[in-house]
2 protein chains.
Amino acid sequence: MEVESSHGIGGGMVRADLSKMTHPVVKRGPFSLLEPRDIEVFQALLPERVITDPDVLRASCTDWLGNCPGNSVLMLRPRTTKEVSEILRYCNERQLALTPQGGNTGLVGGSVPLFDEIIVSTSLMDEVVSFNPLSGVLVCQAGCVLERLHNYLSEHGHIMPLDLGAKGSCQIGGNVSTNAGGVRLIRYGSLRHTVLGVEAVLADGTVLDLLTTLRKDNTGYDLKQLFLGGEGTLGLVTAVALACPRMPSSQNVAFLGCQSFDAVLKTFELARHRLGETLSAFEFLDEVCMWLVNTHLALANPVTEHPFYVLVETAGSCGRHDDEKMQDFLQEAMETAHVSAGTLATDPSKVQALWSVRERITEALSRDGFTYKYDVSLPTEDIYNLVVETRRVFQGESKHIVGYGHLGDGNLHLNVTVPAHDADFKKRLEELVYGWTARCRGSVSAEHGVGTFKRHVLASTKSPVALGIMRGIKQLLDPKGILNPYKILAD
Amino acid sequence: MEVESSHGIGGGMVRADLSKMTHPVVKRGPFSLLEPRDIEVFQALLPERVITDPDVLRASCTDWLGNCPGNSVLMLRPRTTKEVSEILRYCNERQLALTPQGGNTGLVGGSVPLFDEIIVSTSLMDEVVSFNPLSGVLVCQAGCVLERLHNYLSEHGHIMPLDLGAKGSCQIGGNVSTNAGGVRLIRYGSLRHTVLGVEAVLADGTVLDLLTTLRKDNTGYDLKQLFLGGEGTLGLVTAVALACPRMPSSQNVAFLGCQSFDAVLKTFELARHRLGETLSAFEFLDEVCMWLVNTHLALANPVTEHPFYVLVETAGSCGRHDDEKMQDFLQEAMETAHVSAGTLATDPSKVQALWSVRERITEALSRDGFTYKYDVSLPTEDIYNLVVETRRVFQGESKHIVGYGHLGDGNLHLNVTVPAHDADFKKRLEELVYGWTARCRGSVSAEHGVGTFKRHVLASTKSPVALGIMRGIKQLLDPKGILNPYKILAD
């Protein structure tokens, strides 16, 4: 049987049922319907960890942005890889579709069901398996919350190479499945470099053990890369091994005001030159972002009003050297007039306060209105032109249009708030944003992934050849298509 | 028709025909035999670039170690992706097997034919397509020689993130296809992080354009990773985009003597702590390596005689700071007695002289005798135990047994020289080395790849599930198996 999806999509405080307006109508796949005997099987397998309570399920069917497109009636909470394996083996035999779910903090609808998919939550799989202080390699289950891993590692003089705003609730398995980027990518590289090993359960329940802790391993095709950014469509990630850097002994954060985007770019050039190997983050935001965090979250502007702001962080092994480098950088930035106001922090609480301005922009946007969110990669030098163009076209029809993001990685977060969702507006806005991105040979998703919300635009920047190979790999690993259906690939 | 392979394997100055002794007998695949009409087609397609001269072909059928397992009668030298596409389309239709070849510097028999495969050389595809000094992104054809790219980039204030001994002749397409590691991986990460985009021609001639220059792109399965380390079995890499770091403004190299391997490990710990973000290489070699480069290459020991030597390099953005860090590190290393002799260089010619001792070990080994080469990943703390054990068992039957490598990456190069090849010796040696590696959950190829020489041991550290998926991917992308057959996967 096939039923039509009732897509719901909302944003923060504003909710809307977009139904069939925003995306092509999705038809339910040819999966079996859940029967009482299935639930009995799961209850025997996972005593006390089979959830059918509608309130709990409603929360798990709703993502961070408030989207609740589907109506799952069952959530399973395995503790071990073996349990995951048995769940998947059974689902595959019965042709029951499922949605893996970690912290459910994603922004592209990748971790919520679209119809009646069974939710398989990794929240109880939260054990640290091992940590080797010499190699810095951490092995842990997929359900470990990122911040908990940060805290665990800091007790051992190491840090997680990944840091992002949602760290308090996102899980490492979800981070890996999304190939999450975050604010320290400029320093420590992407998860494709720092994730050394992955254990994943395939659609038919087979455990694929790629959980190596080696930094180098050139023995054929690197299969774990498929699960990095695979969004749970090729296998359910149950454990990961990560190379974790030593904790830096010093940290400096400067919050700067720039008079133009060109000055931001020049400041970045100067930072790469003067701060060199100590540079650990280079983030920017525009004046509208600052207005939003001022207004909705009562966060004070750390400097005087400017069209653009930059957060520069350094982390290093020698406090005296790092301070000197930062001072030299700031002095030259001021002298050359790239920067016209700034404040510097080394004290942890002030460092955190400066970071909050940057990290809480998403929250401020969600309080401003219904938010259209874009996460694009563009050539760094042109990154802000898209914001300018979006304002030129849509200023009159929107509440606020803002640009911020990871400048050093060429990653722009363009967000547009409106009083309420409007399908025609969204269509025209997407045409501009994704058309622009495609013309620049950019990426329609720099770090958030594809999920369900970006499937329909993938073809704008990806060739039919590439999409064909992706479909072939999906078919190879999940022939019945039970794993997180309706995600990444369009029907 | 099927013929049996006449495997030849040799090492440096000593050559031997191992024939069927070393590897399971390989049978020629069900490929067509080359006919005069095929050569006519290629001559029309590539005027003057169709090589049938037996002397030239003999050289191209012989790898750096002197192995010449096959007898190709045809080499093609395309200049453009379009030409590669037409070659592959034709070969696929005719079911003609081919071996892609770059600089042919690999150590696992991956770039030479085993039977009559057509050699497709990328040597004429050596154009730099673009370089963006702001982003540091270089786009170039696959046939660019690594050292030439180094030189090109240094004129623009940048460096290649990859550096290795064979840089004078290896090509970037081969580096990428091997996922080459090299001496700076500890600082700049693996090619999985620094290669941003790849263009590859698939078996049927389809061009797969993944040649993005973006640092971040999370739009589904990262297909380019399949070609990184794919050794030309899934597609022929024709162009790459690489993120290149800025050239450091200072470089320090210290060459140190240590009294024990434990002291080497402690020196590494100290280096990570004191040199932190400036550390760009940490290499070690044992006293036998030093004897070999002294004896065969007349390179002087930069310090007094010690059981172990360490080469530590730093690279940074502030010479004064870097010098201070290195001095502090050396002082503490001496005071704690981890290090008992050392010399320091910043002058480029002395830096190069110190590096030569490390980089020319392979050459010295090839002059010492027939060499059995192993490139394994092991837990760093235990890395040298394998050398000790190999000596314990095989000292009496061999000329020299040496250990050196990239300590910071847990990558040991274990080499054993003998007067002449002996199949039984090799079999027993491999049983020890690969058995040990498997028991440590190590990798049988840290950075050299699998090629044809390591195919038979892949199963010792890789699960049948993983090998099955690898076969499925090969089948998906190259159903007729024409691309570099007999490599990576066993029959």
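All values reported here derive from a predicted model rather than from experimental measurement.

Asker: For the overall build of chain A, give the residues involved together with the corresponding values.
Answerer: Secondary structure assignment for chain A yields 16 helices and 16 strands. Seen through its principal axes, chain A has C-alpha atoms that stretch 75 × 55 × 45 Å. Out of the 491 residues belonging to chain A, those deemed buried represent 64%. For chain A, the accessible surface area stands at approximately 16800 Å², while carbon and sulfur atoms represent 52% of it. Each charge class in chain A can be summarised by its mean position, and for the 46 positive and 57 negative side chains these summaries are 2 Å apart.

Asker: Give me the lowdown on the side chain of E313 of chain B, citing residues and values where you can.
Answerer: Residues and elements named next belong to chain B. Turning to its location among the elements, E313 is positioned in strand 12 (residues 308-316). Accessibility expressed as a relative area gives 1% for E313, which makes it buried. A polar contact is formed between the side chain of E313 and the side chain of Q251, at a distance of 2.7 Å. Setting aside chain neighbours within four positions, we find E313 in contact with R184, Q251, N252, V253, T278, L279, S280, A281 and W355.

Asker: Can you break down the packing of helix 16 (residues 464-477) of chain A against helix 16 (residues 464-477) of chain B residue by residue, with the values?
Answerer: Two numbers describe how helix 16 of chain A lies on helix 16 of chain B: the axes approach to 10 Å, and their chain directions differ by 145 degrees. Seen along the crossing, helix 16 of chain A lies across helix 16 of chain B with a hand that is right-handed. From helix 16 of chain A, I469, G472, I473, L476 and L477 of chain A reach across to helix 16 of chain B, where they touch I469, G472, I473, L476 and L477 of chain B. Looking at the contact of helix 16 of chain A with helix 16 of chain B, its residues break down into eight nonpolar, two polar and no charged.

Asker: Please provide a residue-by-residue account of the packing of aromatic side chains, values included.
Answerer: Residues and elements named next belong to chain A. Under the defined criterion, the tally for this structure stands at 30 aromatic pairs over all chains. Ring centres 5.5 Å apart and planes at 65 degrees place the aromatic pair F261 and F284 in the edge-to-face group. Separated by 23 residues along the polypeptide, F261 in helix 9 (residues 261-274) and F284 in strand 11 (residues 279-286) bring together distant segments of the chain. In this structure an aromatic cluster arises from ring pairing among F261, F284, F308 and Y384.

Asker: For unusual backbone geometry, give the residues involved together with the corresponding values.
Answerer: Non-glycine residue Q95 of chain A carries a positive phi angle of around 55 degrees. As for its position among the elements, Q95 of chain A is in the loop between helix 3 (81-94) and strand 3 (98-101). Backbone geometry places A298 of chain B, a non-glycine residue, at a positive phi of 55 degrees. You can see A298 of chain B is positioned in the loop between helix 10 (287-297) and strand 12.

Asker: Give me the lowdown on the relation of the copies chain B and chain A, citing residues and values where you can.
Answerer: Superposing chain B onto chain A requires a rotation of 180 degrees together with a translation of 0.0 Å along the rotation axis, leaving an RMSD of 0.0 Å. With respect to symmetry, the two chain copies, as superposed, fit the operation of a two-fold axis. A high fraction, 99%, of the interface residues of chain B reappear at the interface in chain A, so the copies pair face to face through one surface.

Asker: I'd love a proper account of the nonpolar core, names of residues and values included.
Answerer: Across soluble globular proteins, nonpolar side chains show a tendency to be buried alongside one another. By size, the foremost hydrophobic cluster in this structure holds 174 residues, and its most contacted members are I172 and F227 of chain A together with I172, F227 and F329 of chain B. With residues near it in sequence (within four places) discarded, I172 of chain B still touches C140, Q141, A142, C144, L146, L149, M160, V240 and L242 of chain B.

Asker: So what's going on with the interface of chain B and chain A? Residues and values would help.
Answerer: Listed by partner, the interface residues are 87 residues for chain B and 87 residues for chain A. Interface of chain B and chain A: buried area, both sides summed, is about 6900 Å²; carbon and sulfur atoms make up 56% of it. Summed over the three residues of chain B that lose the most area to chain A, namely K216, N218 and Y221 of chain B, the buried surface amounts to 15% of that side. In this assembly, chain B and chain A are joined by 12 salt bridges. A salt bridge links K216 of chain A to E447 of chain B, with the shortest nitrogen-to-oxygen separation between them at 2.7 Å. The element contributing the most residues to the side of chain B that touches chain A is helix 16 of chain B, with nine residues.

Asker: How would you sum up the sheet that holds strand 2 (residues 75-76) of chain A? Please name residues and give values.
Answerer: Residue and element names in this part refer to chain A. Taking strand neighbours across the sheet as the criterion, the four strands line up as 1-2-4-3 in an open arrangement whose pairing is mixed. Both outer strands of the open sheet, strand 1 (50-51) and strand 3, are each paired with one neighbouring strand and no more. Pairing of strand 2 with strand 4 (residues 118-121) involves two bridges; the strand directions are parallel. From the neighbouring strand, L76 faces strand 4, where its bridge partner is V120.

Asker: A description of the UniProt feature "domain: FAD-binding PCMH-type" (unreviewed entry) in chain A should follow, citing residues and the corresponding values.
Answerer: As annotated by UniProt and renumbered to match this structure, "domain: FAD-binding PCMH-type" (unreviewed entry) occupies residues 65-247 of chain A. The distance separating the terminal C-alpha atoms of residues 65-247 of chain A is 33 Å; by composition the span is 23% helix and 21% strand.

Asker: Explain the pairing of strand 5 (residues 128-132) of chain B residue by residue, including any values.
Answerer: Looking along a regular strand, one sees the side chains alternate between the two faces of the sheet. Residue and element names in this part refer to chain B. For strand 5 and strand 6 (residues 137-141), the ladder comprises four bridges, and the chain directions are antiparallel. Bridging across to strand 6, F131 finds its partner in L138. What sits between the antiparallel neighbours strand 5 and strand 6 is a turn of four residues, in which G136 has the positive phi angle 75 degrees.

Asker: Help me get a handle on the environment of L228 of chain A, residues and values and all.
Answerer: Mapped onto the fold, L228 of chain A is located in the loop between helix 8 (224-227) and strand 9 (236-243). Put simply, L228 of chain A and N175 of chain A are 53 residues apart on the chain and 8.5 Å apart in space, counted from C-alpha to C-alpha.

Asker: Before we move on, can you summarise the packing of helix 1 (residues 36-45) of chain B against helix 3 (residues 81-94) of chain B with the specific residues and values?
Answerer: Describing two packed helices takes the angle between their axes plus the distance from one axis to the other. Residues and elements named next belong to chain B. At their nearest, the axes of helix 1 and helix 3 sit 11 Å apart, and the two run at 165 degrees to each other. As summarised for this structure, helix 1 and helix 3 are arranged roughly antiparallel, according to the angle between their axes. For helix 1 against helix 3, the interelement crossing comes out right-handed. Between helix 1, through R37, D38, V41, F42 and L45, and helix 3, the contact on the second element is made entirely by E83, E86, I87, Y90, C91 and R94. Classifying every residue of the contact of helix 1 with helix 3 gives six nonpolar, no polar and five charged.

Asker: Report on the pairing of strand 4 (residues 118-121) of chain B, specifying residues and quantitative values.
Answerer: Residues and elements named next belong to chain B. Of the two faces of strand 4, the one lined by I118 and V120 and the one lined by I119 and S121 are each fully buried. Examined bridge by bridge, strand 3 (residues 98-101) and strand 4 share four bridges and lie parallel to one another. By the bridge assignment, P100 is partnered in strand 4 with V120.

Asker: Could you give an account of the sheet that holds strand 4 of chain B, with specific residues and numbers?
Answerer: Two strands in a sheet stick together by hydrogen bonds in their backbones, pointing the same way (parallel) or opposite ways (antiparallel). Read from one edge of the open sheet, four strands run 1-2-4-3 (chain B), paired in mixed fashion. Sheet topology places strand 1 (50-51) and strand 3 of chain B at the edges, where each strand pairs with a single neighbour.

Asker: So, helix 13 (residues 361-368) of chain B: which residues are in play, and what are the values?
Answerer: All names here are of chain B. A large share of helix 13 lies buried, amounting to six of its eight residues. If you check which residues of helix 13 are buried, you get I361, T362, A364, L365, S366 and D368. Next to the buried residues of helix 13 lie strand 11 (279-286), helix 10, helix 12 (348-359), strand 14 (370-377), strand 15 (400-406) and strand 16 (411-418).

Asker: Quick rundown of helix 15 (residues 423-439) of chain B? Include the residues and the values.
Answerer: All names here are of chain B. If you check helix 15, its first and last C-alpha atoms are 24 Å apart, about what 17 residues at 1.5 Å a residue would give, namely 24 Å. Of the residues making up helix 15, those classed as buried are F425, K426, L429, E430, L432, V433, Y434, G435 and T437. Where helix 15 is buried, its residues contact strand 14, helix 14 (385-394) and strand 16. The N-cap of helix 15, judged by a side-chain oxygen 3.0 Å from the amide nitrogen of D424 a few residues on, is D422. Remark: R441 follows helix 15 within two positions and exhibits a positive phi of approximately 55 degrees.

Asker: Could you give an account of the pattern of salt bridges, with specific residues and numbers?
Answerer: In the structure shown here, the tally under the stated rule is 62 salt bridges over all chains. Here K167 of chain A makes a salt bridge to D163 of chain A, at a shortest N to O gap of 2.9 Å. There is no split in this pair, since K167 of chain A and D163 of chain A are both buried. For R320 of chain A, the salt bridge identified is with E324 of chain B, shortest N-O distance 2.5 Å. You can see R320 of chain A sitting in helix 11 (residues 319-335) and its partner E324 of chain B sitting in helix 11 (residues 319-335), one on each of two chains. The class of R320 of chain A is partly exposed, set by a relative accessible area of 47%.

Asker: Give me the lowdown on the environment of S111 of chain B, citing residues and values where you can.
Answerer: Residue and element names in this part refer to chain B. Examined against the element boundaries, S111 turns out to sit in the loop between strand 3 and strand 4. Taking the relative accessible area as the measure of exposure, S111 reaches 13% and is therefore buried. On a C-alpha basis, the gap between S111 and G442 in space is 25 Å, while along the polypeptide they are 331 residues apart. Setting aside its immediate chain neighbours within four residues, S111 contacts T99, P100, Q101 and N104. At 2.6 Å, the side chain of S111 forms a polar contact with the side chain of N104.

Analysis parameters
- Residues numbered from 1 in each chain as written.
- Chains lettered and ligands numbered in written order.
- Predicted model: local features only at pLDDT ≥ 70, side-chain atom pairs only at ≥ 80, totals over all residues.
- Heavy atoms only, no water.
- Helix = DSSP H or I, 4+ residues; strand = E, 2+ residues; numbered from the N terminus.
- Buried < 20%, exposed > 50% of the residue type's maximum accessible area, 1.4 Å probe, protein only.
- Areas by Shrake-Rupley, 256 points an atom, 1.4 Å probe, with all protein chains shown as cover.
- Lys, Arg positive; Asp, Glu negative; His and termini not counted.
- Charge placed at Lys NZ, Arg CZ, Asp CG, Glu CD.
- Polar contact = N/O pair within 3.5 Å; in protein donor to acceptor, adjacent residues only side chain to side chain.
- Contact = heavy atoms within 4.5 Å.
- Axes fitted to C-alpha atoms, helices over the stretch in contact; angles between N-to-C directions.
- Left-handed = near helix turned anticlockwise from the far one by under 90°.
- Nonpolar A, V, L, I, M, F, W, Y, C, P; charged D, E, K, R; others polar.
- Phe/Tyr/Trp six-rings, centres within 6.5 Å; stacked < 30°, edge-to-face > 60°.
- Least-squares fit on C-alpha atoms with pLDDT ≥ 70 in both.
- Core = buried A, V, L, I, M, F, W, Y, C linked by side-chain atoms within 4.5 Å.
- Buried area = accessible area lost by both parts, 1.4 Å probe.
- Salt bridge = Lys/Arg side-chain N within 4 Å of Asp/Glu carboxyl O.
- Pairing = 2+ DSSP bridges.
- UniProt positions renumbered as here; feature names shortened; annotations may be inferred.
- Parallel < 35°, antiparallel > 145°, perpendicular 65-115°, else oblique.
- Expected span 1.5 Å × (residues − 1).

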